[in-house]
Amino acid sequence: MKSLSNLNLLQKKYMIFDMDGTLIDSIGIWNEADYKIIDKYAGVKIDLDLLQTDRENFLEHHSNSDIYIAYCEYLIQKYDMNISKEQLIQERWASVDYFLRNELTYKSGVPELLNLLKSMGFTIVLATATTQRQLDIYAEGNVCMSRDVPFSDIFDYVVRKEDVVHKKPHPEVYMRVLEHYHSSPQQCLVFEDSLHGVMAAKAAGMDVVNVYDKYSDKDRESINSLADYKIDFYCEFID
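Reading the values: the criteria
- Residues numbered from 1 in each chain as written.
- Predicted model: local features only at pLDDT ≥ 70, side-chain atom pairs only at ≥ 80, totals over all residues.
- Heavy atoms only, no water.
- Patch = residues over 30% accessible without salt bridge, like charges linked within 9 Å, V, L, I, M, F, W, Y side chains within 5 Å.
- Areas by Shrake-Rupley, 256 points an atom, 1.4 Å probe, with all protein chains shown as cover.
- Salt bridge = Lys/Arg side-chain N within 4 Å of Asp/Glu carboxyl O.
- Helix = DSSP H or I, 4+ residues; strand = E, 2+ residues; numbered from the N terminus.
- Buried < 20%, exposed > 50% of the residue type's maximum accessible area, 1.4 Å probe, protein only.
- Phe/Tyr/Trp six-rings, centres within 6.5 Å; stacked < 30°, edge-to-face > 60°.
- Expected span 1.5 Å × (residues − 1).
- Contact = heavy atoms within 4.5 Å.
- Pairing = 2+ DSSP bridges.
- Axes fitted to C-alpha atoms, helices over the stretch in contact; angles between N-to-C directions.
- Parallel < 35°, antiparallel > 145°, perpendicular 65-115°, else oblique.
- Nonpolar A, V, L, I, M, F, W, Y, C, P; charged D, E, K, R; others polar.

1. With respect to a nonpolar patch on the surface
Next, step 1: Among the surface-exposed residues, Leu116, Met120 and Ile238 lie close enough to one another that they form a single nonpolar patch of about 240 Å² accessible area.
Next, step 2: Within the fold, Leu116 resides in helix H5 (residues 110-119).
Next, step 3: When its relative accessible area of 32% is taken as the criterion, Leu116 is described as partly exposed.

Structure follows, in structure tokens:
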């Protein structure tokens with residue numbers, strides 16, 4: 001892994017960010033949501049880390065057109081819950097909606113970095129598996145987030161879950177950025193928290209800054225072997 005001091009920003013034009021786990025601390029709320037639902041409908045209390053690992057394994061190995069509906073179906077079957085998949089996905093949303101709108105904030109240093117990069121003339125891109133429904137909350141429904149990072153002013157281009165067929169670690173989300181701007185991978189710098197995100201960016205030929213997130217600790221060794229740079233906090237990159 002290289003030192004940040006070796007990064008030449010003059011060679012870069014596009015700054016590309018993942019969302020969940022990279023710009024915001026959101027992974028844990030889905031663990032809590034699944035825990036509550038399984039406890040409510042199956043009477044089973046599952047370790048949060050096991051829940052996250054199980055969910056990530058499912059999402060990695062399934063390519064359904066609506067992966068989150070498929071995941072709800074999987075939970076119903078695995079824990080023998082008496083609830084429809086449509087009801088379950090609504091329960092998951094209801095469980096996290098208040099938090100997303102009222103308590104979720106950007107990671108420390110995110111607004112400062114995005115605004116600094118924008119002022120320096122970089123093109124700022126969001127490349128995420130996040131749904132439009134969630135992005136709408138971040139952009140408009142969460143007062144603090146919409147104030148700190150006005151989406152329409154900061155992000156020049158957004159690639160969402162609805163825009164791609166393949167999930168990370170497939171590089172499609174990053175290839176979409178290259179196609180949109182007719183750019184080369186060498187002009188791009190990606191910020192990612194997870195192993196799959198880092199794998200996707202590297203498969204697209206891009207340099208990657210790994211942003212530390214505790215929910216990716218189980219993959220830390222693999223992440224460190226693939227990422228070009230790493231930061232624990234955004235202030236390190238700003239400095």
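Having seen the structure, we can now continue with the description.
2. Thoughts on the packing of aromatic side chains
Next, step 1: This structure, assessed with the given rule, holds nine aromatic pairs.
Next, step 2: Ring plane angle 25° and centroid distance 4.8 Å describe the contact between Phe58 and Tyr74, whose orientation is recorded as stacked. Of the two residues, Phe58 is situated in helix H2 (residues 48-61) and Tyr74 in helix H3 (residues 67-79); the sequence distance between them amounts to 16 residues.
Next, step 3: Residue classification places Tyr74 among the partly exposed residues on the basis of a relative accessible area of 22%.
Next, step 4: Arranged with centres 5.0 Å apart and planes meeting at 65°, the rings of Phe151 and Phe155 form a pair that is edge-to-face.

3. What about H3?
Helical periodicity: at 3.6 residues per turn, an α-helix aligns residues three or four positions apart in one direction.
Next, step 1: Along its 13 residues, H3 runs 18 Å from first to last C-alpha, staying within 8% of the 18 Å computed at 1.5 Å per residue.
Next, step 2: Taken as a whole, H3 has its buried residues at Ile67, Ala70, Tyr71, Cys72, Leu75, Ile76 and Tyr79.
Next, step 3: Packing partners of the buried residues in H3 comprise helix H1 (27-42), H2 and helix H4 (85-102).
Next, step 4: One or two residues past the end of H3 sits Asp80, with phi positive at roughly 50°.

4. Quick word on the pairing of strand S2 (residues 123-127)
Next, step 1: Most of S2 is tucked away, with five of its five residues classed as buried.
Next, step 2: Burial of the side chains of S2 extends over both faces: Thr123, Val125 and Ala127 are buried on one face and Ile124 and Leu126 on the other.
Next, step 3: By the bridge criterion, four bridges tie strand S1 (residues 14-17) to S2 in an arrangement that is parallel. When the bridges of S2 are listed, Phe17 appears paired with Leu126.
Next, step 4: Relative to strand S3 (residues 157-159), S2 runs parallel, the two sharing three bridges.

5. A word on the sheet that holds S1
Next, step 1: Judged by pairing direction, the sheet is parallel, and its six strands sit side by side in the order S3-S2-S1-S4-S5-S6 without closing on themselves. In this open sheet, the two edge strands, each paired with only one partner strand, are S3 and strand S6 (229-231). Taking the axes of each pair of neighbouring strands and ignoring which way they run, one obtains an average angle of 20° across the sheet.
Next, step 2: Pairing of strand S4 (residues 188-192) with strand S5 (residues 207-211) involves four bridges; the strand directions are parallel. Bridge assignment links Leu189 to a residue of S5, and that residue is Asp207.
Next, step 3: Against the sheet, helix H9 (residues 172-181) touches S1, S2, S3 and S4, its axis set at about 150° to S3.

6. What to know about the packing of H3 against H4
Next, step 1: At their nearest, the axes of H3 and H4 sit 9 Å apart, and the two run at 105° to each other. Between H3 and H4, the crossing angle belongs to the class labelled roughly perpendicular. Touching Tyr68, Ile69, Tyr71, Cys72, Glu73, Leu75 and Ile76 of H3 are Lys85, Leu88, Ile89 and Arg92, all from H4.
Next, step 2: Split by residue class, the contact of H3 with H4 holds eight nonpolar, no polar and three charged.

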